[in-house]
Amino acid sequence: MKEPDDQDTDGGKSERSKSDERQSRSSRSTSGSAVKEDYKSVEDATDETFTEGEESYLGDNESYVEHLEGSSFQDDYAENTGESRYMETPVPDAEEAEEEVKKKISESFFYDYMELASMPFVTPDSNIPLDLLTLVHSFGYDCRKRANLQLLDSSTVLYIAGNQLILLNLKTKEQTYLRSSSGRGIGVIGVHPDKTYFTVAEKGVFPKIIIYEYPSLRPYRILQDGTDLAYAYVDFNFDGTLLASVGGNPDHTLTIWNWKEEQPILRTKAFSQEVFKVTFNPEDDEQLTTSGSGHIKFWEMALTFTGLKLQGSLGRFGKTATTDIEGYMELPDGKVLSGSEWGNMLLWEGGHIKVELSRAAGKPCHQGPINQIMLDEGEVITIGSDGCVRIWDFETIDTADTIDETGLLEIEPMNELQVDKNVKLFSMIKMNETGNNFWLAQDSNGAIWKLDLSFSNITQDPECLFSFHSGAIEALAISPLTYLMATTGLDCSFRLYDFASKTPLVQMKFKQGGTALAWVPRLVSYGGAQITAGFEDGVVRILELYDPKGLTVFVGRKRVSDADIRLKQVFKPHTAPVTALAYDRDGEVLATGSKDQTVFFFEVERDYKPIGYITTPGPVCQLTWSPASHPESTLLIICENGYVLEAPFPTITEEEEDHDVVSYEIKDMSIKYFHFSSVKSKILRLIEIEKRKKQKELKEKEKEERRKRLEAEMGEDGEKELQREEEEEEEEEPLPEIFIPLTPCHILCGFYSGPGKFWVSLGGYDSGFLYHCEFPPRDKSSDITEKKDEPFDFRLLEDTEDNPITTITFSINQEMMFCGMQNGAIRVYILNKNDPSLTNLEDYWHFDMHDNNYGCIKAISTSFDDRFLVTTGADSNIFVFSIFSEFELKKVMKAKVPSPRFGIETEPIPEDIEDPKAYSIENARRKREHDKLMKEVEEIKAGKRERIKALRNELQKLLQMNEELPTHMQFKRTDFDLDSKIRAEIDRKTANKIQRVEKELAWEKDKHQLGLMKLQNRFRDSLESDTIVVHAIQSDHKLSSYRLVKPSKYSKSKRPSQSERRTSKFERFEKDGAGRKDSQRDTGGSISVPEESIIEKGKKFRPKTLSEIMVENQIEKTRKLILKAERAQLKIQQRKKEWEELYKNKPEDDYEDPKDVQAIKEAQLYMGDFNLKTAPDYKIPEHMRINAAKKEEELGYLDSMAYAKKMHMNKCIVSLRDLKVAVIEEIQCLVQELKNIQSTLHTSKCVPIPQVPQIHPEEVPEKRFQYDEETLLAFKRQQMKNQAEVAPQMEQAVSAASAGGFLRLSPGKDGDLTTRDSLSRSSKASAFTLDIPKFLEFERADPTEVELEIMKRDEIKHLYMQQYLINRIKELIVTFDAELRLLRHQKLKLDTQMKLADLHHVTLFQEMLLLKNFEKQENILQERVNSLDKEEQDMQWKINETLKEMEEKKNEVAKLQDQEKALYAGFQAALGENNKFANFLMKVLKKRIKRVKKKEVEGDADEDDESDESSEEESSLESDEDESGSEDEVFDDSICPTNCDMGLFELALQLREKRLDIEEALVEEKKMIDNLKKEYDTLSKKVKVVATNLKAAEGALEAYQREKQQQLNELLVVIPLKLHQIEYVVFGEIPTDLSGSLVFSNHSLGRLQERIVQLHEENSKQQKLNKECRERRKQLIREKREMAKAIQKMEETVSQLMVSKFGRVINLEALQTLSVNTTLEELKIKKLRKELSNAKEMKMWEEKIAQVRWELMRKTKEHTKNLHRMNDLCIEKKQLDSRLNTLQNQQGNAFQGPRKADAVAKEKVTKLIQVQAERILALKEEIALLRKKGGLILPPIHPPQETE
């Protein structure tokens, strides 16, 4: 390891510093060429050189470890600085490598800025000065860059501009610049809390973080290797001792630095997506937070056993939608408050969202994303994209919590400030001014604001300190006369700057964004006061610039600015964005190009009169007129898609207006076409061939020299060796193939090189060269789309393979070519004089200025005198450079704004084109021609109609004359038909027309039908029956039915009540008993539940896909395994259940019937307890507890009862109405018969005929909805009348007419109120009337006596019938009226009941509302009681199970002890009596042996292998002496003593093994018993705790029920009573205060009285039952004894059967099959489903992205249309201005006569004009030689014309 003072020449540079050299252009600046040396790593460093903090990240990145091991951080810069940064002396590498890393950097050490800052690259040996371009000023501001506004002190702000860091003095407006060290841009900046340092985190390959000291601006520290390509954010901790940085794509590395020692402490990957921000917690440096795209993450520095680690916890959004988080803030207690995309605030705690904060009524906190959240002076400040700053109460936010399931909490801000319209706040920083609360705000719409957040009476309004372009700057124009420049962009603003004095002058806003600019040449506007601007809607505007100080000053006028702009003319030639504007060299024609593939020409002198347009094969990107050196004026048109056109100067006609021309399109223009075909692959092939040719020549020379040397040394052997080497030479690689891209590369820019020749620069694959092209001869027959033209020459451009030239301009003398690059760099080529072929493009000057990622240079231009160069980029930056000159500027320059024209303030401003859908010039002309044509057609149609009308009149006259003729002379109507087919054809056409009209009106018909249907559904279909009013016939009595709607929701639905969810303990005991324990222990039941859930989940998704089939297969497989295990277990479980059922039925000795216990308990509780519901200690029985669900059922029952009664009454009333109809029909028949009788009687004997009753309209309401054709026609007439009378109120009248027309009976049916049935019945009745003879009309004769008698009899008969019929009519009427009065009386009673029901309904509804308010909390309490109750039951079940297991284990212990005793007894019996070896053998049996068994290794071996391993298992026995034996006595139990029976010895050894097995089993069983005891004790304690909690929960529930009952008691209930129902009297009178009385129903009072008798009867029954139970008990005791004997016999039988079948008693449960792991199977299925859902979600997001892209394209098209209208307005303005100028110049000429002085003056002026004309010709020739400029958007700039 080397010391910093050592100068390493053998490759000591680290690989990182080498990479930094390669990125930086400074490596190629002054030294000429970079030194390429190999990197050698030092491998003798040890891991001990790192601290624990470093180990935490070094282990994750091996390459980084190797780099640190090779050299320390400090070594990377020791060679550059040339001085030591350490306070200690150098130490040798081999001995003190560890100490080298741990040395501290001197606090007084600084780097050299000039060594760090990137410098321009200059071609070696080119003599180009490094300061060829010097940055003078920056007018731009990247307002959309995150945190791009920092404050160093009260007057200095810091922000990034491309590759520059700008320090702006707010008071003096002076700018100080710092260059980036990498030359690849700056990622982010940060400021130290003490404002003494600031951080510059750069971009590039392995970028650096440079920390500068302020205010000296010297580099203080450099941090390396924190990310791969760019930094996204940096932040200091509260003390400023640590620095956190996070990288951008692709690594997103989070690093914690000890920045003063240049050492990383911790490092990890922050997230897989973009990270916006990282900050320290101000209260705790060990906590950090990062946020970004769709995430927020909480970090903590934790000390683990491997060292210090960064542990991150990802925030879980839960139910809240995932959002990008831009702004957040750490609270002091560790919670985090963040924003969201929809404007609400999210409060995070423990990695989850605790609550979401919004404003009242669900309004978001901000309309749009919240970009920053801060805590200042105990208040929370939020800023949003809606331009608002809102102040919130910190305590409210800190203590916020959810109150319902929505997770939302509504709060209101304390104060708020709306900055301005169209403001989008991005970040804000506080200014340190004592006594003030001023803040600086970054507006992403292009501004820096100063805000006063004091919110007092003297609060200042928001002040815009600086205004800039927002987004890409699309166009630039430089004045040809002075130091003025104009810019425009898609932010819809046009801005003017004085770049010499570094002053923004004026800005102007439009509706659409600007896309092109051109300064009007001096030949058109001599003062240089006009600018032409193109916009994205196709509009071109002529803007006039003037100095408002030259206008007439009025008293009280505000301060006048230095410049102002007014709209002069506007016109719209295009329908898409205008991309290019160009004036020809004489200023006569303006050409405009657009993306709509047209180029429009305008005559400038005639107020931009349209000449015409031509179409192009692709979108136009640049227009360039030929320079004066060319013989003809031609227009070079460059299209994006590879086409280049040359159009001649358009022909200008002298006619004022050509009304006959339909279109402006110029079709006869002779245009030359060039279709670029890629030749790059051919060029590369030629270069490769040339390269190989040179290599081959060198090889040939080497071979020749080698041959001569070998011949001299080896002779013939040398020749053979050479031949052998030549044979061994490999064949050459094939040459690169010819490649032509399928999609043509875009042409970026171009310019003329000569007549018919031009240079172009392309992007994409064809970048890296300038191509010299020539137009081929024009061929009219060939298709231009099939042409493939190739350039005839090219120039290789160094380092432009992926960085093409986007725009080009030239200096005035054509000696310098300024190029704007795609990566934001500026390149200047030094050219030879008069060299349009660019023969020398080797020497250049290159400098990175704009942002390298998105700062493509859109425009570049020089000033009129070549002193300045201006560049604009897509990164919103505008840079002004001074061009190197031997003559320095001696005085301060300032642009001169043109003076205003005379009378400019009185000129009307032309109307602007703001509508994006306005017609373009071409479309307007076509529309005019179309309207003209349609007008002519309509005139022809009108003439034809008049002719037809005349012929019709003539036909009518002929028909009328024919009718006047005698009948025998009249012609038939068919005789007038010329041809019968004509009439048939007319009828057919009429039918077709009717059909067509029906189709045309089908939509209107369906619309009105739907409207009628909706009205019926809303108002009519909901009615069960409408109101029917039946009137009495003789009296005024009437009876109306109930207007019934369909039953309410309460009578239909039934909610599950909360009380149904939990039964009482007694009921559970009754239903379940001990069977619940069986169900819990029943494994089969537990397995079947997940099986059903798996099957349901498997059937959930449709249609089936491959993933679903896999899921179903897995489910089916699991189901089969589960079913198989169930079947095997069911048999055993069934037997087990049968036995347990028997034991369950066995009562204990102290068993008591639960019913009796519960009854006794209830009797003790409630006997003598007569508490009312209003009592404070009233306890609500569980069966009487009411809730909202039960109350809804009660309400529904009441509604259904009332509905049924009303429905019955309505049926009765309808029947009465039908009876009235029948009565009226009968009366009509009787009246008709009476009329017939009276017709035969003398009038003196006729009785008045009773009037026939009528049916009232309200008795038949259904007829209101019946209509016929006559009704519809009347409605139509009324509608037409209303339209004619009141036109403004047409819609209102139509609706009224429609309402009345369709609900009104038809006029023809008003009188006839009978139905069709009644008419038919009346007709039948009339058939049975008396036959009245009608005498024939003969001559009257005197009647005879017989006839008189007959007539007398008939008269008597008729009089009788007359009286009978009248009585019958009266009888019918009286009967009907009686029926009506009777039913009316019944309805009055029902009305009373319904009113009572309504009152009861109101009471129930109030109770239901009250219960709903209590329902939520009651459910919570009930669920808690249920859960605690369930938990208590579960624990009790576990206790019982534990006790059972303990009993079983004790039985096992007893069995083992019995086996041990039996073993000793059997051995004693085998020994017999008086065996002399009995003691020895007993010692052998009782000897304690330690047995050590070899453990089997479990693996995946087969069963056979396992059995082999178990058979080979050995056990070693280590014997100890028996405790009972003598210590001195030693015996060997492995050898049988002499004379001892060998069989007994072997038996002792065998029994000893059995004894040891039994003892081991005993030990295990005792251990298990101890464990069970511990578990039992633990569960008992838990049960007590749970029981206490359950009691408390039940108490809380009871208290809540009591509170609910009290609230219900407070509701007022209306009970109407009659006087005889009130029995509460005092001294025989009803008291005035009835508040202390009780109201009983008769039914309830009767039940109380009956209950007394019932209780006496129950008492006697209970005594009798007690006696019977005593006798039953004695009988059960006898049966118990008999059952015990039977059980014993059955057990013996079972044991015998087992021994006979299996040979021993076995456990049948051991034979059951093994079940499957259901949890594992469910997890597998969930995994498959998760994969399926993720795939669907990804597909959904892809579709959304496509939709958003389409929407973006549609919006772009809309913006393009808006430009066209602006263009037209600009043209019109200019026309008006020109006419006004002409009129002003001609004023006064008519009043002047010829004078001598005038003649002399005229002669002098003539001479002066001749001199000036000669000078103009000379200047034009000079201009023709020098002027060769071009650019992507700008036209060539004409140099100013010198004046004397």
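Each value, and the rule that gives it
- Residues numbered from 1 in each chain as written.
- Predicted model: local features only at pLDDT ≥ 70, side-chain atom pairs only at ≥ 80, totals over all residues.
- Heavy atoms only, no water.
- Pairing = 2+ DSSP bridges.
- Helix = DSSP H or I, 4+ residues; strand = E, 2+ residues; numbered from the N terminus.
- Axes fitted to C-alpha atoms, helices over the stretch in contact; angles between N-to-C directions.
- pLDDT = per-residue confidence, 0-100.
- Contact = heavy atoms within 4.5 Å.
- Core = buried A, V, L, I, M, F, W, Y, C linked by side-chain atoms within 4.5 Å.
- Buried < 20%, exposed > 50% of the residue type's maximum accessible area, 1.4 Å probe, protein only.
- Salt bridge = Lys/Arg side-chain N within 4 Å of Asp/Glu carboxyl O.
- Polar contact = N/O pair within 3.5 Å; in protein donor to acceptor, adjacent residues only side chain to side chain.
- Phe/Tyr/Trp six-rings, centres within 6.5 Å; stacked < 30°, edge-to-face > 60°.
- Lys NZ or Arg CZ within 6 Å of the ring centre and 35° of its normal.
- Parallel < 35°, antiparallel > 145°, perpendicular 65-115°, else oblique.
- Left-handed = near helix turned anticlockwise from the far one by under 90°.
- Nonpolar A, V, L, I, M, F, W, Y, C, P; charged D, E, K, R; others polar.
- Patch = residues over 30% accessible without salt bridge, like charges linked within 9 Å, V, L, I, M, F, W, Y side chains within 5 Å.
- Areas by Shrake-Rupley, 256 points an atom, 1.4 Å probe, with all protein chains shown as cover.
- Lys, Arg positive; Asp, Glu negative; His and termini not counted.
- Charge placed at Lys NZ, Arg CZ, Asp CG, Glu CD.
- Expected span 1.5 Å × (residues − 1).

Turning next to the sheet that holds strand S25 (residues 388-393). Either a parallel or an antiparallel arrangement is found when strands of a sheet pair, and the pairing is made through backbone hydrogen bonds. Taken in spatial order, the 4 strands of this open sheet run S23-S24-S25-S27, and their pairing is antiparallel. The open sheet terminates on both sides in strands that have one partner only, identified here as strand S23 (370-376) and strand S27 (415-418). Pairwise comparison of adjacent strand axes, ignoring direction, gives a mean angle of 15 degrees for this sheet. Inspection of the sheet shows S25 paired to S27 by 4 bridges, in the antiparallel sense. Its bridge partner lying in S27, Cys-388 is registered against Gln-418.

Another point: the confidence of the model for the protein. In the predicted model, the protein carries a mean pLDDT of 80, and the fraction of residues at 70 or more is 81%. When the criterion is pLDDT under 50, residues 1-101 qualifies, and its contacts beyond four places in sequence or with other chains add up to 173 contacts. Of the regions scoring below 50 in pLDDT, residues 1289-1338 engages in 54 contacts with residues more than four places distant in sequence or in other chains.

Moving on: the nonpolar core. Core analysis: the biggest nonpolar cluster contains 62 residues, and Met-485, Phe-571 and Tyr-608 have the highest contact counts within it. In terms of nonpolar packing, the next biggest core, distinct from the first, is built from 34 residues, Val-122, Leu-149, Ile-166 and Ile-448 among them.

Summed over all chains, the structure comprises 54 salt bridges. The shortest N-O distance in the salt bridge between Arg-359 and Glu-416 comes to 3.8 Å. Taken together, the positions of Arg-359 in the loop between strand S22 (352-358) and S23 and Glu-416 in strand S27 put the pair 57 residues apart, joining distant regions of the chain. Note that Arg-1779 is salt-bridged to Asp-607, the shortest N-O span being 3.7 Å. Of this pair, Arg-1779 sits in helix H28 (residues 1718-1786) while Asp-607 sits in the loop between strand S42 (598-603) and strand S43 (609-615), placing them 1172 residues apart in sequence.

As a further point, take the pairing of strand S44 (residues 620-625). Counting buried residues in S44 gives 6 out of 6 residues, a clear majority hidden from the surface. Bridge count between S44 and strand S45 (residues 634-639): 5 bridges; the pairing is antiparallel. In the strand pairing of S45, Thr-624 is matched with Leu-636.

Summarising the element assignment, Ser-753 is placed in strand S48 (residues 747-754). A distance of 3.5 Å separates a polar side-chain atom of Ser-753 from the backbone nitrogen of Phe-758.

With that out of the way, let us pick up the packing of aromatic side chains. Taken as a whole and assessed by the stated rule, the structure comprises 39 aromatic pairs. Centre to centre, the rings of Phe-571 and Phe-602 are 4.5 Å apart; their planes meet at 45 degrees, and the pair counts as tilted. Of this pair, Phe-571 sits in strand S39 (residues 564-571) while Phe-602 is found in strand S42, placing the two residues 31 residues apart along the sequence. On the basis of an interplanar angle of 90 degrees and a centroid distance of 5.5 Å, the ring pair of Phe-674 and Phe-758 is categorised as edge-to-face. Residue Phe-674 is found in strand S47 (residues 672-675), and its partner Phe-758 is found in strand S49 (residues 757-762); the two are separated by 84 residues along the sequence. For the residue pair Phe-674 and Phe-758, the accessibility class agrees, reading buried in each case. A connected cluster of aromatic rings, assembled from ring pairs, spans Phe-571, Phe-600, Phe-602, Tyr-608, Tyr-613 and Tyr-664. Sitting above the plane of the Tyr-220 ring, Arg-221 keeps its charged end 4.0 Å from the centroid.

The next subject is the packing of helix H19 (residues 1188-1238) against helix H23 (residues 1345-1471). In the contact formed by H19 and H23, the axes pass within 9 Å of each other and the chain directions differ by 165 degrees. As far as their axial angle goes, H23 and H19 are roughly antiparallel. For H19 against H23, the interelement crossing comes out left-handed. Along the lines of polarity and charge, the residues of the contact of H19 with H23 split into 31 nonpolar, 7 polar and 15 charged.

Turning our attention to a positive patch on the surface. A contiguous patch of positive charge, built from Arg-1670, Arg-1673, Lys-1674, Arg-1678 and Arg-1681, is present on the exposed surface. Looking at where Arg-1678 falls in the secondary structure, it is placed in helix H27 (residues 1642-1702).

Take H27 next. When the terminal C-alpha atoms of H27 are compared, their 77 Å separation across 61 residues is substantially less than the 90 Å that a helix rising 1.5 Å per residue should span. Downstream of H27 by a residue or two, Gly-1703 has a phi angle that is positive, lying close to 90 degrees.

Attention now goes to a nonpolar patch on the surface. Side chains of Leu-1619, Tyr-1624, Val-1625, Val-1626, Phe-1627, Ile-1630 and Leu-1634 sit close together on the surface and give an oily, nonpolar patch of about 720 Å² of accessible area. Within the element layout of this structure, Leu-1619 appears in the loop between helix H26 (1542-1609) and H27. On the accessibility criterion, Leu-1619 (65% relative accessible area) is exposed.

Turning next to the sheet that holds strand S58 (residues 878-883). With respect to topology, 4 strands assemble into an open sheet ordered S2-S58-S57-S56, the strand pairing being antiparallel. The open sheet has two edge strands with one neighbour each: strand S2 (133-138) and strand S56 (857-862). Each adjacent strand pair in this sheet contributes to an overall mean axis angle of 25 degrees, direction not counted. Across 5 bridges, S56 lies against strand S57 (residues 868-873) in antiparallel orientation.

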